[in-house]
Amino acid sequence: MVRIIAGSCAIENETQALVLAEKLKVRGITEMRAALFKPRTSPNDFQGIGYDGLPILREIQNMGLKTVTEVVGVRQIEKLYDYVDVFQIGARNMQNFELLKEVGSTNKPIILKRGFANTVYELLMAAEYIKQSGNKDITLCERGIRSFDDVTRNVLDIGAIIYLKQNTDYEVIADPSHSMGNRNFVRSAAKAAIAAGADGIIVEVHEEPDKALSDSKQTIGLETFDKVLEDLWKK
Ligand code: PEP
Ligand code: MN
């Protein structure tokens, strides 16, 4: 079955997160995006609710969903550890080697996102850092790379997915949200990634996407999400 990790860009507050968690759960989703710290380009943009959100992660877990949470610094690992089921390493930290070694010393599954200016070789070497620290439970995520064109936020590198699936044993997922940057493109990008061989997607979903505190433009609502589920799970 195609792996589908879904949820808002960030956890915004308890009600937003738990209402969404319930909507995801009834749809059969088992893993929720549950970010507390957001690495934003501008320090003036919403940064996430931080450790105040730990009890919310626990409630999500208690509902039977796994929390997929980005860790942006070495010191966070210990504090997040009990509340997080899957550690996400974001694009901006793909080559933060100390962070890779530290998450590599845990026994939690890891999603390693490709940096937007990194080659596939560099992605594989970043994964190698994690592996050599002892953790082999690694999923690679193609989330789009920078190019000269701006019709999409980044360029979803379908070729990288094909290459990784043909040449490595890693599970590979795609992020149709951060790559496309436009909610109208997410459904097609998700389908394309799966057609290219990806094992799953991580996608931004919000009950009221226009009101999302971060990445609103690329966040899909539940109606579109249902279509994505139909496409990918062929219900
Ligand atoms: C995210 O998935 O929350 C995110 C910040 O994406 P990326 O690291 O790919 O930019
Ligand atoms: Mn986001």
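This text goes with the structure placed above it.
Per-chain numbering applies: the sequence of each chain, read as written, is numbered from 1 onward. Ligands are numbered from 1 and chains lettered from A, in the order in which they are written. Residues qualify for local features only when their pLDDT is at least 70, as the model is predicted, and side-chain atom pairs are given and counted only at 80 or more; totals for whole chains, interfaces and linings, by contrast, use all residues. Calculated side-chain values reflect all of the structure's heavy atoms, with hydrogen atoms and water omitted.

1. Regarding the overall build of the protein chain
Under the scheme used here, helices are H or I runs from DSSP no shorter than 4 residues and strands are E runs no shorter than 2 residues, and both carry numbers assigned from the N terminus. A count of helical and extended segments in the protein chain gives nine helices and eight strands. Taking 2.2 N^0.38 as the reference for a compact globule, 235 residues should give roughly 18 Å; the C-alpha atoms of the protein chain span a radius of gyration of 16 Å, in line with that estimate. For the protein chain, the C-alpha atoms occupy an extent of roughly 40 × 40 × 35 Å along the three principal directions. Evaluated residue by residue, the protein chain yields a buried proportion of 56% over its 235 residues. Residue contacts follow a heavy-atom distance rule, with two residues in contact if any of their heavy atoms lie within 4.5 Å. Contacts in the protein chain between residues at least 24 apart in sequence constitute 67% of all its contacts with a sequence separation of at least 6. In this setup the radius of gyration rests on C-alpha atoms only. A globule is expected at 2.2 Å times the number of residues raised to 0.38. Buried, partly exposed and exposed residues are distinguished by accessible area as a fraction of the type maximum, computed with a 1.4 Å probe on protein chains only: under 20%, between the cut-offs, and over 50%, respectively.

2. Considering helix 4 (residues 97–104)
The periodicity of an α-helix, 3.6 residues per turn, causes residues three or four positions apart to be oriented the same way. Inspection of helix 4 places Leu99, Leu100, Val103 and Gly104 among the buried residues, and these make up the whole buried set. Summarising the axial view, the buried residues of helix 4 lie within an arc of 135 degrees, below the 170-degree limit, and thus occupy one face. The arc in question is the one spanned by the directions pointing from the helix axis to the C-beta atoms.

3. Remarks on the sheet that holds strand 2 (residues 31–33)
Note on pairing: two strands pair once DSSP finds at least 2 bridges between them. An order of 1-2-3-4-5-6-7-8 is seen for the eight strands of this closed barrel, with the pairing classed as parallel. Across the sheet, the mean angle from the axis of one strand to that of its neighbour is 25 degrees, orientation sign disregarded. By the bridge criterion, two bridges tie strand 1 (residues 3–7) to strand 2 in an arrangement that is parallel. Paired with Ala6 across the strands is Met32, a residue of strand 2. For helices, the axis comes from a line fit to the C-alpha atoms of the stretch in contact; other axes are also lines fit to C-alpha atoms, and the angle between any two N-to-C directions lies between 0 and 180 degrees.

4. Observations concerning the pairing of strand 1
Strand 1 sits mainly inside the fold: five of its five residues count as buried. Here strand 1 shows two buried faces, one formed by Arg3, Ile5 and Gly7 and the other by Ile4 and Ala6. In this sheet, strand 8 (residues 200–204) lies alongside strand 1 in parallel orientation, the contact comprising five bridges. Bridge pairing in strand 8 places Gly7 opposite Glu204.

5. Some remarks on the packing of helix 5 (residues 120–132) against helix 6 (residues 158–167)
Remark: helix 5 packs on helix 6, axes separated minimally by 11 Å, with the N-to-C direction vectors making an angle of 50 degrees. In terms of orientation, helix 5 lies oblique with respect to helix 6. In this structure, helix 5 crosses over helix 6, and the sense of that crossing is right-handed. Facing Val120, Leu123 and Leu124 of helix 5, the residues of helix 6 in contact are Ala160, Tyr163 and Leu164. When grouped by side-chain class, the residues that make up the contact of helix 5 with helix 6 number six nonpolar, no polar and no charged. Oblique is the label for any angle not under 35 degrees, not over 145, and not in the 65 to 115 range, which are roughly parallel, roughly antiparallel and roughly perpendicular in turn. Note: crossing handedness is left-handed where the near helix turns anticlockwise from the far helix by less than a right angle, and right-handed where it turns clockwise. In this classification, Asp, Glu, Lys and Arg are treated as charged, Ala, Val, Leu, Ile, Met, Phe, Trp, Tyr, Cys and Pro as nonpolar, and every other residue, Gly included, as polar.

6. Let's talk about the coordination of the manganese ion (ligand 2)
Protein ligation of the manganese ion (ligand 2) involves Cys9 (SG), His178 (NE2), Glu204 (OE) and Asp215 (OD), the donor distances falling in the range 2.0 to 2.3 Å. The rule for donors is simple: N, O or S, within 2.8 Å of the metal, or within 3.2 Å if the metal is Na, K or Ca. Water isn't counted, so a site may look like it is missing partners. On the primary sequence, the residues serving as donors to the manganese ion (ligand 2) are separated as C-x168-H-x25-E-x10-D. Within this pair, whereas Glu204 is found in strand 8, its partner Asp215 is found in the loop between strand 8 and helix 9 (222–233), the two being separated by eleven residues in sequence. For the residue pair Glu204 and Asp215, the accessibility class agrees, reading buried in each case.

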